[in-house]
2 protein chains.
Amino acid sequence: MPDAYARLLGHLQPIQRLNGARALLGWDQEVMMPPAGARSRADTCAALAEVVHARLTDPELGSLLADLLPADGLAPAARANVREARRAHERAVRLPVTLVRDLAEAASLAQPEWARARDDDDWDRFAPHLARVLDLKRQEAAALGIGDEPYDSLLDEFEPGARTADLLPIFRRLRVALTALLDRLGPALAAPVEPLVGDFPVGRQDELNRRVLSTVGYDFDAGRLDVSTHPFTESMGPGDVRITTRYSEDDVLPGLFSTLHEAGHALYEQGLPAEHRDTPAGQAVSLGIHESQSRLWENHVGRCPAFCHWLAPVLRQTFPERLGRLAPDELVRAVNRVRSTPIRIEADEVTYNLHIVLRLEIERALLSGDLEVAGVPAVWRSLAREYLGLEIWDERTGPLQDIHWSMGSLGYFPTYTLGNLYAAMFWNAARSALPDLDRDLAAGRTAGLLGWLRAQIHGRGSVLAAADLCRAVTGRSLDAGDFIAYLEVKYGELMGH
Amino acid sequence: MPDAYARLLGHLQPIQRLNGARALLGWDQEVMMPPAGARSRADTCAALAEVVHARLTDPELGSLLADLLPADGLAPAARANVREARRAHERAVRLPVTLVRDLAEAASLAQPEWARARDDDDWDRFAPHLARVLDLKRQEAAALGIGDEPYDSLLDEFEPGARTADLLPIFRRLRVALTALLDRLGPALAAPVEPLVGDFPVGRQDELNRRVLSTVGYDFDAGRLDVSTHPFTESMGPGDVRITTRYSEDDVLPGLFSTLHEAGHALYEQGLPAEHRDTPAGQAVSLGIHESQSRLWENHVGRCPAFCHWLAPVLRQTFPERLGRLAPDELVRAVNRVRSTPIRIEADEVTYNLHIVLRLEIERALLSGDLEVAGVPAVWRSLAREYLGLEIWDERTGPLQDIHWSMGSLGYFPTYTLGNLYAAMFWNAARSALPDLDRDLAAGRTAGLLGWLRAQIHGRGSVLAAADLCRAVTGRSLDAGDFIAYLEVKYGELMGH
């Protein structure tokens, strides 16, 4: 048995290392690649996807996994490796190599077209690329045949074991609760906070972000901060975890909070167990857990009064002309404005999940064939009106705002909501474990929180599956209750109740 | 036969595409990667080297190549593909996969250590990494068994078919001729040119380089300019050819001429036949030819009076405070100073090849076992005294100055000299074909020259082997005569004879 496991590791390590090259190809494409490089990049991505697929479908890997079925005697990390290897192998053998190659190529080609379409507000430029990606994702869902509906196969890629039928009641409950909260709040917290609207030079915003990143424990020796069309985090391994952000000249908050969001992802990746870096056990366990880390730092930390107490003087120092008198409570109001806005990543905590509901509905309809690409803008406008009470006037702030579809990442969006729910549960557990948390955050001391997250979540990699991790950390299963209660209490306090 | 050739292409294309990923891993490591990423990067490079090695040694590829032996009926590009595929296959089958993997790993690990050792002038930091690389390169040479001495196996990697025994008489002739020329010139052209020594902000140097790159025809839509410890050019395909440079705050010329050197490499790569981009026929044919392009733009163009006539006003505009009165003839003197200096890439055209002779001698001794790593600094000092009349006081300006050994590129240096010789021959051919060349260069018009290079050299990729390409372009075989005559005439004119 140990011998079979050692041979299994011999299969898994090169796959993980080759995935490091794929991660770099993806990062570079978004951040560094010149426009004319798109064709070669797509070919290279496709060739590497094919190599990894061949490794994953290797019959020898399959028979090793069959031998390892009664996984008694293996340590927890080894059991996780068997579990994840089996999952990856079983997914891969269902997918024809041509589909794998075509998907990698189509996604690589679609990304720069999406970025240009977004810049030019030109849906027609992006539509044929999305149609191509969608066609391939439908084939992928059919080939995988996971769960009860096509969407399950895609969801399962990002959140192993998650099923649409289990998510729908959660999303329904959220929609009811959030819409009710939004109604109760009305315009009370919607007003802009004067000094935070204006002219913020990008160079100084970059300085600010670097200072905040260092404060929350992001290790620049093991990472970088760059700019891209859509902010993201990419890991080439725990020693090389890169963040991107984007800036608005006239508002300092979107760039700052998107950086804090990505910091949450990056802290998770930098904290994964380095001793397992070449195997599945050393990787992030699910995107829901990943988003719990980004949303925890962005919202529970970034938008709480204690952290604003530390952040306000930093903002005063960085922008003395404009923010020289910024008071912490002004900052708290500014970062907790509540009102429907078109851009998801700039949405407040109440409306954010309504953006996800909208996307989930559109993605399911695209997958099932009820909706075609040409119909997306109209449906988007209609759902934005219904869920968010918003009139959308262009595609740039509508279906062109997110990179995910161009990358073939249909089925990803629900993990943001799962992340919000996990984050609220983890936050409650952290507060119980760390009685001085507020005092620490008010002084910009985040080491205690990060240490707790490292011990409870990051350092566990994929040793526990997401649902088991949630129970290990919080003693309970995933539920929307903590999140809804968190919002009720928070906005109650902000309303002065 | 066409069927066997079609199947051959099916083998070659993925290899070329995977090499695009390796190129990116290398570029990123030098330019973008954070320090803590070194370990994962080395693992990824090794894993990918192993994948490519497996493809190159695939027995099916071997038997296809055997079938294609009588390559009648194939077009020239197809014949080149068979030729290059056979060469790559035969090299690969002689190399154990463990050696291929170890070399990729050792080179990847050694590069950041070299960069830090160079910064800190710390030979002892680099020495164990070089010893590891050297040990593996000796194994590689022994396994390949090409030519008459170990060095031949390494030389052949960069300049297919070149043999040490053929190079030595050329290098001897050069050493005699160049030493004699250096003696004749004495200190006549050695003096610094006053306004060109001083304070040149890096931002403005960057602007200058971008302007010069655009002028010579470098396509920024298909490339980038960045900064690295050692300037280099890396191609991920003809649509993505990236240049790096480095700057001295107190001298504008090293950064400018190193950029012009890399521009020559990049123009070659951007001009390779895109229709063959996924096969060997679409790649650069040898490093000697590659260096002919970099040295042609750096020296024959960059240091000629006509181009200086265009460049002087550009320098005046870029640095009006310091260079506002720079005259073209002052610039000609400044870029054609002749005197021994320790840094190869800043050397004048006369002493440059003496730097190569020194390296060739050390590399051969390392390979044969006559010299060990610990002895390199002392031998370097002694040869620098003998060949260049220089006292070297640190390793930073001695054996730590070049990146090549850290990358495992032993055997590369002679191609710089081959490049100088090819460049002089190509330059003579270009002057014959382009009667208005001087007038064009004086006006910053380089399209005629670039068009000629594209038609004669770049666009031919590897269709003709290097020696055949030289004959096709110049009507003659490689010889040092043109180069020596070029220097004699040039410095005769500069001395006013």
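These numbers come from a predicted model, not from an experiment.

**Observations regarding the relation of the copies chain A and chain B**
Then comes step 1: Superposition of chain A onto chain B requires a rotation of 180° combined with a translation of 0.0 Å along the rotation axis, giving an RMSD of 0.0 Å. A rotation of that kind, with that shift, is consistent with a two-fold axis. Considering only C-alpha atoms, the part of chain A nearest the rotation axis is Ala21(A), at 3.5 Å.
Then comes step 2: Most of the interface of chain A is mirrored in chain B: 100% of its interface residues are interface residues there too.

**Observations regarding the pattern of salt bridges**
Then comes step 1: Within this structure, the stated rule accounts for 82 salt bridges over all chains.
Then comes step 2: As a salt-bridge pair, Glu372(B) and Arg138(B) come within 3.2 Å of each other at their nearest N and O atoms. Here Glu372(B) is found in the loop between helix H15 (352-368) and helix H16 (376-388), whereas its partner Arg138(B) is found in helix H6 (residues 123-144), with 234 residues between them in sequence.
Then comes step 3: A relative accessible area of 44% places Glu372(B) in the partly exposed class.
Then comes step 4: For the salt bridge of Glu395(B) with Arg381(B), the shortest nitrogen-to-oxygen distance reads 2.4 Å. Taken as a pair, Glu395(B) in the loop between H16 and helix H17 (414-433) and Arg381(B) in helix H16 lie far apart in primary sequence, 14 residues in all.
Then comes step 5: Connected via shared salt-bridge partners are Arg83(A), Glu84(A), Arg87(A), Arg91(A), Lys137(A), Glu140(A), Asp156(A), Glu157(A) and Arg163(A).

**Some remarks on the environment of Ala334(A)**
All names here are of chain A.
Then comes step 1: Its location among the elements puts Ala334 in helix H14 (residues 328-335).
Then comes step 2: On a C-alpha basis, the gap between Ala334 and Ala191 in space is 8.4 Å, while along the polypeptide they are 143 residues apart.
Then comes step 3: With sequence-adjacent residues up to four places away left out, Ala334 is seen in contact with Val193, Leu196 and Leu253.

**As for the nonpolar core**
Residue and element names in this part refer to chain A.
Then comes step 1: If you look at the biggest cluster of nonpolar residues, it comprises 138 residues, and the most contacted ones within it are Leu331 and Leu449.
Then comes step 2: The element best represented in this core is helix H17 (residues 414-433), accounting for eleven residues.
Then comes step 3: Lining this core are residues from two domains, each supplying at least three of them: domain 1 (2-148) and domain 2 (166-495).
Then comes step 4: Apart from residues lying up to four places away in sequence, Leu331 is in contact with Leu196, Leu253, Cys308, Leu311, Ala312, Leu315 and Leu326.

**A look at the side chain of Gln111(B)**
All names here are of chain B.
Then comes step 1: With respect to the helices, strands and loops of the structure, Gln111 is situated in helix H5 (residues 97-120).
Then comes step 2: A polar side-chain atom of Gln111 sits 3.1 Å from the main-chain carbonyl oxygen of Ala107.
Then comes step 3: With sequence-adjacent residues up to four places away left out, Gln111 is seen in contact with Gln29, Glu30, Ile403, Ser406 and Met407.

**Details of the confidence of the model for chain A**
Then comes step 1: Averaged over chain A, the pLDDT score is 96; the fraction of residues at 70 or greater is 99%.
Then comes step 2: Scored as a complex, the prediction yields pTM 0.96 and ipTM 0.95.

**So, the pairing of strand E3 (residues 241-245) of chain B**
Residue and element names in this part refer to chain B.
Then comes step 1: For E3, a buried count of five out of five residues is recorded, marking the element as mostly surrounded by other parts of the structure.
Then comes step 2: As judged from the three bridges shared by strand E1 (residues 225-227) and E3, these two strands associate in the parallel manner. Its bridge partner lying in E3, Val227 is registered against Thr245.
Then comes step 3: Relative to E3, strand E2 (residues 233-235) runs antiparallel, the two being bridged by three bridges. Looking across to E3, one finds that Thr233 is bridged to Ile243.
Then comes step 4: Once E2 ends, the chain turns through five residues before running back antiparallel as E3, passing Gly237 with a positive phi of about 135°.

Analysis parameters
- Each chain carries its own residue numbering, running from 1 in the direction its sequence is written.
- Just so you know, chain letters begin at A and ligand numbers begin at 1, following the order they were written in.
- Since the coordinates come from a predicted model, pLDDT governs what is reported: local features require at least 70, and pairs of side-chain atoms require 80 or more to be given and counted, while whole-chain, interface and lining totals use all residues.
- Water and hydrogen atoms play no part in the side-chain values, which are based on all heavy atoms of the structure.
- Fitting of the copies onto one another was done by least squares over C-alpha atoms, counting residues only where both copies have pLDDT of at least 70.
- Two residues qualify as a contact provided that any one of their heavy atoms is within 4.5 Å of a heavy atom in the partner residue.
- By salt bridge we mean one thing: a side-chain nitrogen of Lys or Arg within 4 Å of a carboxyl oxygen of Asp or Glu.
- Helix and strand definitions follow DSSP, with helices as H or I runs of at least four residues and strands as E runs of at least two, each counted in order from the N terminus.
- Relative accessibility under 20% of the residue-type maximum defines a buried residue, over 50% an exposed one, and the middle range a partly exposed one, all with a 1.4 Å probe and only protein chains included.
- The criterion is simple. A nonpolar core is a set of buried Ala, Val, Leu, Ile, Met, Phe, Trp, Tyr and Cys residues joined through side-chain atoms within 4.5 Å.
- Domain segmentation is taken from an automatic or database assignment of domains.
- As used in this structure description, the phrase polar contact means that two N or O atoms lie within 3.5 Å; if the pair is within protein, one of them must be able to donate a hydrogen and the other to accept it, and residues adjacent in sequence are counted only when both atoms belong to side chains.
- For every residue, the predictor assigns a confidence score, pLDDT, that lies between 0 and 100.
- Here, strands pair whenever DSSP counts at least two bridges between them.

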